[in-house]
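Examining the three-dimensional arrangement
Each chain is listed here by its residues.
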Amino acid sequence: MDTLPEIAATFKILLIGDSNVGKSSILLRFTDDHFLPPDEASATIGVDFKVKMLDLDDTRYKLTLWDTAGQERFRTLTSSYYRGAQGVILVYDVCSRESFDHLDEWFEELSTYCTKDEVVKMVIGNKIDKEAERAVSRKEGAEYARKHQTLFLECSAKTKIGVQQAMEELVSKIAESPTIRRSPGRNTVTVDESVSSGYGGCGC
Amino acid sequence: MASSNVRQSSFWKRTPAFTPSRVELVYSSTAHTDTAADLAPKAKQQPAAAPEPAAEPATEPEPRTADLNPLAAAGPPSPPVSSTLEDKFQALLSSPHVDLEQLKKLSWKGIPSRHRRTAWQLLMGYLPLNGSRRAATVARKRKEYADWTAQTFQRGEASLDRQVWHQIRIDVPRTRPDSPVIQHVRVQRSLERALYCWAVRHPASGYVQGINDLLTPFYCVFLGEAEVDSVSDQALAETEADAFWCLTRLLDGIQDNYTHAQPGIQRQVVKLRELVSRINRPLADHLSAEGIEFIQFAFRWINCLLMREVSLANTVRMWDTYLAEPDGFSTFHIYVCAAFLLRWAAELMQLDFQKAILFLQNPPTAAWTTQDIELLLAEAYMYKCLYHDSPSHYAATATRR
């Protein structure tokens, strides 16, 4: 149990995006600094949960990370996890034009389930280690993010590039955002009473 | 991820033979009260109010079978299969008309690996019970499938439903990474075809992630101990057809797990929660107090029939029993899920939200043997006997409270 330094805040962060863009790999790199080759990683079913402490400028944050399955059929389930999130990461694969084009659908999904001002959004283009197969330019990704007023970064879960940086940027943006409702920074997870009914209602 | 549990060159080598165990005790017991009594002797009294006295054994699991059976921890090589069991299967399966009830009764306790292929295909309803009709039926089914795939794939990938094919293509390589059989390139191509054919024939659900997992036990059982490299194209094609039809049968019973909004899973999660709160109220209360929702961990248990939680060899053993149970993959599976959760009750009571979720996401089953699975099945059977078709227990308790 991490007791020192004291946790300043707990943030709930959600990863969404098409199947096979590398959401789970980005998380695994961030939380465990590990990467599984494609043939050793199983597709996420439903939603997986991870926890990670992040120290930024002498302040410790606890991140509860929810890694959702990308396939459309799981939307009914995954949509219930948006509630109470302070950060949402939309992931696409820079080698898959389709996964980039689908960001529109993911933004729509996001606006349906999250209140606009209460969540920091970040677009991440993953798999930049496969430069030869790139189908979406960095410029296009940045342009898209600007249009939607979100943070933007490219990364590679495989080579590590950009992963830690993405998380740090997201968290510092959440931390400085005045409109975001914070959970008290205790070690225990606080359950938002207003959302305690129905599944996925944990406001961690 | 639990799927990294076991890496074996030939998964069934780990499948120990049937050992007469508590399962036999449970199965041969007909009266529900007797079953509970048989299984209850070591149960501790739970101070907290349980719905009924008979439910209490659940809160204190029996000692692990590994303790009772020193062979359990030995791992491979397997002990020799009981010859009487082999003989019984041999006699039963070679009779002109297989007695299905008898086959179910025998299979519940575990099928010897050399009879499993035939037994599963009979239990699935793919093979006719009447031996004289079997060859013709199988030939017809295999031809039907072969014609269908030829027709589907003759115009190349461009003619396929792009979205379905894409999803299958990205999922097959990451199906059962721990199994060299499933990871073999020939089997991979075969899985893609079978999954695609199933998906386009069942547009109400289509291909949903997890269905790929459900297809794999059929390949492992039907291919037997053969090295994939030495399997002829024709034999692999036949395996594919048999697996396709068996998958179809399996999913016929649980298709609403995979249709829009997955109502089957939603319903079963509710059932599981109700069941667990009847069996072990303190655990249910603890989970609830921590803000843990059953859907957060049980969704995957139902979507993939616990295949992400236990090894492929253990899954195969589970399916022997599931195939012998009425609605094994739906109704009985919920009792297995309950037994699975309750097995960790003592640990879970000590864990807060985050630790409990992490624990349930990756339960420590890596070393599980057939004996662990058989104990799990026996416990599930006990819960079924106690709680199935007895909603009045719940209603009465609810009213009293």
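Residues numbered from 1 in each chain as written. Chains lettered and ligands numbered in written order. Predicted model: local features only at pLDDT ≥ 70, side-chain atom pairs only at ≥ 80, totals over all residues. Heavy atoms only, no water.

Focus: the overall build of chain B
Our working rule: Per the convention used, a helix needs a DSSP run of H or I reaching at least four residues, while a strand needs a run of E reaching at least two, with both numbered from the N terminus. Relative accessibility under 20% of the residue-type maximum defines a buried residue, over 50% an exposed one, and the middle range a partly exposed one, all with a 1.4 Å probe and only protein chains included. Note on definitions: a residue-residue contact is assigned when non-hydrogen atoms from the two residues lie within 4.5 Å. Accessible areas in this description were obtained via Shrake-Rupley with a 1.4 Å probe; residue shielding takes into account the shown protein chains only.
When its secondary structure is counted, chain B shows 21 helices and 0 strands. Out of the 401 residues in chain B, the part that is buried amounts to 59%. For chain B, the proportion of contacts with a sequence separation of at least 24, taken over those separated by at least 6, is 74%. Accessible surface for chain B amounts to roughly 16,100 Å². Of this, 53% is attributable to carbon and sulfur atoms.

With respect to the packing of helix H11 (residues 211-223) of chain B against helix H12 (residues 233-252) of chain B
Residues and elements named next belong to chain B. Where we set the bar: Each axis is a line fitted through C-alpha atoms, and for a helix only the stretch in contact is used; angles between axes span 0 to 180 degrees, taken between their N-to-C directions. Every angle not falling under 35 degrees, over 145, or within 65 to 115 is termed oblique; those three ranges are roughly parallel, roughly antiparallel and roughly perpendicular. In this scheme, a crossing is called left-handed if the near helix is turned counterclockwise away from the far one by less than a right angle; it is called right-handed if the turn is clockwise. Residue polarity follows a fixed list, in which Ala, Val, Leu, Ile, Met, Phe, Trp, Tyr, Cys and Pro are nonpolar, Asp, Glu, Lys and Arg are charged, and the others, Gly among them, are polar.
Two elements in contact, H11 and H12, have axes separated by 9 Å at closest approach and are oriented at 135°. Here H12 runs oblique to H11, going by the angle between their axes. Here H11 runs over H12; the crossing is right-handed. On H12, the residues that touch Ile211, Leu214, Leu215, Phe218, Tyr219, Phe222 and Leu223 of H11 are Leu236, Thr239, Glu240, Asp242, Ala243, Cys246, Leu247, Leu250 and Leu251. When grouped by side-chain class, the residues that make up the contact of H11 with H12 number 13 nonpolar, 1 polar and 2 charged.

Re helix H8 (residues 162-171) of chain B
Residue and element names in this part refer to chain B. Test applied: We define a polar contact as two N or O atoms separated by no more than 3.5 Å, with the added condition that, inside protein, one atom must be a possible hydrogen donor and the other a possible acceptor, whereas residues neighbouring each other in sequence contribute only through side-chain atom pairs.
All of the buried residues along H8 are Val164, Trp165, Gln167, Ile168, Ile170 and Asp171. Residues of H8 that are buried in the fold lie against helix H7 (131-153), helix H10 (185-201) and H11. Backbone nitrogen of Gln163 and a side-chain oxygen of the N-cap are separated by 3.1 Å at the start of H8; the cap is Asp161.

Concerning the domain arrangement of chain B
Residue and element names in this part refer to chain B. Selection criterion: An automatic or database domain assignment supplies the start and end points of every domain. Two parts placed together each lose some accessible area; with a 1.4 Å probe, that loss summed over both constitutes the buried area. We count a salt bridge whenever a side-chain nitrogen from Lys or Arg sits within 4 Å of a carboxyl oxygen from Asp or Glu.
If you check the domain split of chain B, you get domain 1 (3-8 + 131-257) and domain 2 (17-35 + 262-397). Contacts between the two partners involve 20 residues from domain 1, matched on the other side by 23 residues from domain 2. Taken together, both faces of the contact between domain 1 and domain 2 bury some 1,800 Å²; the carbon and sulfur share is 60%. Linking domain 1 to domain 2 there are 2 salt bridges. One salt bridge in this structure joins Asp256 and Arg267, with 2.6 Å as the shortest N-O distance.

Points about the UniProt feature "domain: Rab-GAP TBC" (unreviewed entry) in chain B
Rules: UniProt positions are given in the numbering used here, feature names are shortened, and annotations may be inferred rather than shown by experiment.
Per the UniProt annotation, the sites labelled "domain: Rab-GAP TBC" (unreviewed entry) are residues 110-326 of chain B. The distance separating the terminal C-alpha atoms of residues 110-326 of chain B is 16 Å; by composition the span is 68% helix and 0% strand.

Some thoughts on a negative patch on the surface
The test is simple: Patch construction takes residues with relative accessible area above 30% that form no salt bridge. Like charges are linked within 9 Å, and nonpolar side chains (Val, Leu, Ile, Met, Phe, Trp, Tyr) are linked within 5 Å. Residues scored as charged are limited to Lys and Arg (positive) and Asp and Glu (negative), so that His and the chain ends carry no count. A charged residue contributes its charge at one atom only: NZ of Lys, CZ of Arg, CG of Asp or CD of Glu.
Together, Glu72, Asp104, Glu105 and Glu108 of chain A give the surface a local cluster of negative charge. When you line up the elements, Glu108 of chain A lands in helix H4 (residues 103-113).

Examining the packing of aromatic side chains
The geometry of an aromatic ring pair is captured by the separation of the ring centres together with the interplanar angle, meaning the angle of the planes. Let me state the cut-off plainly: Here the aromatic set is Phe, Tyr and Trp, taking the six-membered ring for Trp, and pairing holds for ring centres within 6.5 Å; pairs whose planes are under 30 degrees apart are stacked, those over 60 apart are edge-to-face, and all others are tilted. Remark: a charge is flagged as sitting over a ring if the NZ atom of Lys or the CZ atom of Arg is within 6 Å of the ring centre and within 35 degrees of the ring normal.
Applying the stated rule across the entire model yields 31 aromatic pairs over all chains. With centroids separated by 5.0 Å and ring planes inclined at 80°, the aromatic side chains of Phe244 of chain B and Trp245 of chain B adopt a geometry described as edge-to-face. Judged on exposure class, the residue Phe244 of chain B and its partner Trp245 of chain B are both buried. An aromatic cluster is defined as three or more aromatic residues linked by ring pairs; in this entry it consists of Trp108, Trp120, Phe218, Phe222, Trp319, Tyr322, Phe329, Phe332 and Tyr381 of chain B. The ring of Trp106 of chain A has Arg75 of chain A sitting right over it, with the charged end atom 3.9 Å from the ring centre.

Some details on the interface of chain B and chain A
Of the residues lining the interface, 40 residues belong to chain B; the matching set on chain A comes to 37 residues. Roughly 3,100 Å² of surface becomes buried between chain B and chain A when both sides are summed, with 52% attributable to carbon and sulfur atoms. By the criterion of area lost to chain A, the three top residues of chain B are Arg174, Gln209 and Gln354 of chain B, representing 19% of everything that side buries. At the boundary of chain B with chain A, the tally comes to 2 salt bridges. A salt bridge links Asp48 of chain A to Arg300 of chain B, with the shortest nitrogen-to-oxygen separation between them at 3.6 Å. For the pair chain B and chain A, the interface holds 11 residue pairs in polar contact (both at pLDDT 80 or more). Of all the secondary-structure elements, those providing two or more residues to the side of chain B that touches chain A are H8, helix H15 (294-303) and helix H19 (353-361) of chain B. Of the residues belonging to the side of chain B that touches chain A, the class tally is 15 nonpolar, 16 polar and 9 charged.

Regarding the pairing of strand E3 (residues 59-68) of chain A
All names here are of chain A. Here is the rule: In short, DSSP must find at least two bridges between two strands for them to pair.
Along E3, 9 of the 10 residues are buried, which leaves the element largely enclosed by surrounding structure. Where strand E1 (residues 7-17) lies against E3, 8 bridges are found, and the strand directions are parallel. Looking at the pairing, Leu15 lines up with Asp67 of E3. Sheet topology places strand E2 (residues 47-56) next to E3; 10 bridges connect them, and they run antiparallel. Among the inter-strand pairings, Asp48 is bridged to a residue of E3, identified as Asp67. Between E2 and the antiparallel strand that follows it, E3, lie 2 residues; Asp57 among them carries a positive phi value of about 50°.

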